[in-house]
Amino acid sequence: MNAPNSMNDPKPACPPEELLIDAEVDDEPQPKALRGGTVLLLIGLVMVALNLRPALSSLAPMLNIVREATGLSATGAGLLTTLPVLCLGLFAPLAPILARRLGSERTVLLILLTLAGGIVLRSLFPVAGLFVGSLVAGASIGIIGVLLPGIVKRDFPHIAGTMTGVYTMALCLGAALAAGATVPLAELLDDTWQPALAFWALPAVLAALIWLPQARQGQHAHRQAYKVTGLWRDPLAWQVTLYMGLQSSLAYIVFGWLPSILIDRGLSAVQAGLVLSGSVMVQLISALGAPWLATRGRDQRLAVLLVMGLTLAGLLGMLYAPLSGIWGWAVVLGLGQGGTFSIALALIVLRSKDAHVAANLSGMAQGVGYTLAAMGPLMVGVVHDLTKGWSAVGIIFVVISLAATAFGLGAGRNLYVAARSEHL
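For clarity, every value in this text was computed on a predicted model and none was experimentally measured. (Residues numbered from 1 in each chain as written. Predicted model: local features only at pLDDT ≥ 70, side-chain atom pairs only at ≥ 80, totals over all residues. Heavy atoms only, no water.)

1. Section: the overall build of the chain
Counted only if it meets this: Helix and strand definitions follow DSSP, with helices as H or I runs of at least four residues and strands as E runs of at least two, each counted in order from the N terminus. For every residue, the accessible area obtained with a 1.4 Å probe (protein chains only) is divided by the maximum for its type, and the residue is called buried under 20%, exposed over 50%, and partly exposed between those limits. Throughout, a residue-residue contact means that at least one pair of heavy atoms, one from each residue, lies within 4.5 Å. Here the accessible surface of atoms and residues is derived via Shrake-Rupley with a 1.4 Å probe, and residues count as covered only by protein chains that are part of the display.
Regarding its fold elements, the chain presents 17 helices and two strands. A burial count over the chain gives 58% of its 424 residues as buried. Excluding contacts between residues fewer than 6 apart, the proportion of contacts in the chain whose partners are at least 24 apart in sequence is 86%. Counting every atom, the chain has about 16,500 Å² of accessible surface; 68% of that belongs to carbon and sulfur.

In structure tokens form, the structure reads like this:
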């Protein structure tokens with residue numbers, strides 16, 4: 001079902017500087033008294049972004065070791081990998097509430113500390129700590145993930161496109177470092193998994209210290225209020241949301257289970273972690289290039305087909321292809337998944353008529369999408385438990401990829417969502 005005619009008018013592609021979601025569309029840029037203040041803000045943003053994935057990617061290479069030490073079943077491990085992703089969606093709506101009360105900068109500082117606490121908690125009280133700590137870490141990442149892009153766009157309005165690339169690179173770098181370094185770190189620490197996982201609280205604390213000047217100068221609240229109506233009833237908005245959720249589901253299956261799959265296929269824990277790390281590093285290329293390519297044509301449907309095709313090919317290669325070519329499949333998977341994520345972010349803005357609609361569509365896509373994405377890692381764990389192997393997981397890859405492609409083709413059409421914003 002198409003939106004009303006006024007929403008179907010063809011529109012020009014947004015320039016790259018408009019491809020960053022604004023979570024604080026009503027705030028004015030904060031003055032920086034010195035150029036050094038802007039540099040410190042940039043360093044702080046990079047450090048915060050670096051910490052938005054290690055809590056997720058550090059566990060995956062250690063999952064088999066953790067299961068052996070705690071007695072977790074594959075289903076229990078699937079729940080453990082699902083919980084933080086579920087929290088990304090469930091706690092996303094809390095971000096604007098906290099930002100209105102405390103200001104975004106102070107909220108980011110507070111949540112960085114809760115993130116560090118959650119990471120440490122995972123290493124305490126074996127099973128209970130794992131689950132509670134994962135919940136706290138996932139909730140923290142979900143809140144910061146909503147606020148940080150808005151701060152970037154607000155304070156760097158003229159180079160938002162460049163800063164989008166910096167933000168994406170920091171996310172990928174943090175994920176890759178944690179995936180590749182956690183097992184070697186555990187080996188250095190007498191082959192114990194607890195301190196290796198707890199180590200990733202240190203970068204979060206360091207980021208909080210670097211972010212402290214921003215929290216001292218930050219604003220306290222929004223100056224204006226806007227209401228967006230019609231979004232949740234619009235089919236196009238749901239297509240954007242479901243594409244975001246389904247492609248994210250594949251991403252978090254990779255974060256949660258890929259090393260375990262590769263270890264059972266014959267790689268060592270270190271090798272499996274490095275393959276995941278390398279695949280995430282490759283995402284930098286398509287994360288930066290895919291949105292640019294997607295805005296060169298009439299719409300984004302061809303780009304969606306390309307990146308989803310690469311993603312599915314990479315996943316099936318990881319699962320079934322000979323291990324001798326595993327690094328080639330890691331590159332294919334990285335190119336696909338870097339593109340799917342960045343195009344999902346771009347579609348939120350490209351399908352919105354103004355920044356207020358974009359901010360609300362972002363909340364919808366992240367809240368509902370990440371909640372849906374959490375089901376992927378859990379399904380993999382359940383199927384592995386039932387079949388005692390990984391071969392059947394390929395069916396999950398195919399079904400999710402085809403569904404994501406279908407909704408992505410709908411979201412990629414050159415239309416606007418049938419929603420409007422009103423000043424209160």
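2. What to know about the packing of aromatic side chains
Using the following cut-off: Here a Phe, Tyr or Trp ring, Trp counted by its six-membered ring, pairs with any other such ring whose centre lies within 6.5 Å, and the pair is stacked when the planes are under 30 degrees apart, edge-to-face when over 60, and tilted otherwise.
Taken as a whole and assessed by the stated rule, the structure comprises five aromatic pairs. Their ring planes at 85 degrees and their centres at 5.0 Å tell us that Phe199 and Trp200 sit as a pair that is edge-to-face. Classification of Phe199 by relative accessible area gives partly exposed; the value is 33%. Among the residues examined, Trp200 registers a relative accessible area of 8% and is labelled buried. Between Tyr252 and Tyr370, the ring centres sit 6.2 Å apart and the planes meet at 75 degrees, which makes this aromatic pair edge-to-face. Note that Tyr252 is positioned in helix H11 (residues 235-265) and Tyr370 in helix H15 (residues 355-373), a separation of 118 residues in sequence. The buried category is assigned to Tyr370, whose relative accessible area is 7%.

3. Examining the environment of Leu42
Position of Leu42 relative to the elements: it lies in helix H1 (residues 35-50). Here Leu42 falls in the partly exposed class, since its relative accessible area comes to 32%. Sequence spacing of Leu42 and Asp155 is 113 residues, and the spatial spacing of their C-alpha atoms is 9.7 Å. Every residue in contact with Leu42, bar those within four places of it in the chain, is listed here: Phe156 and Met163.

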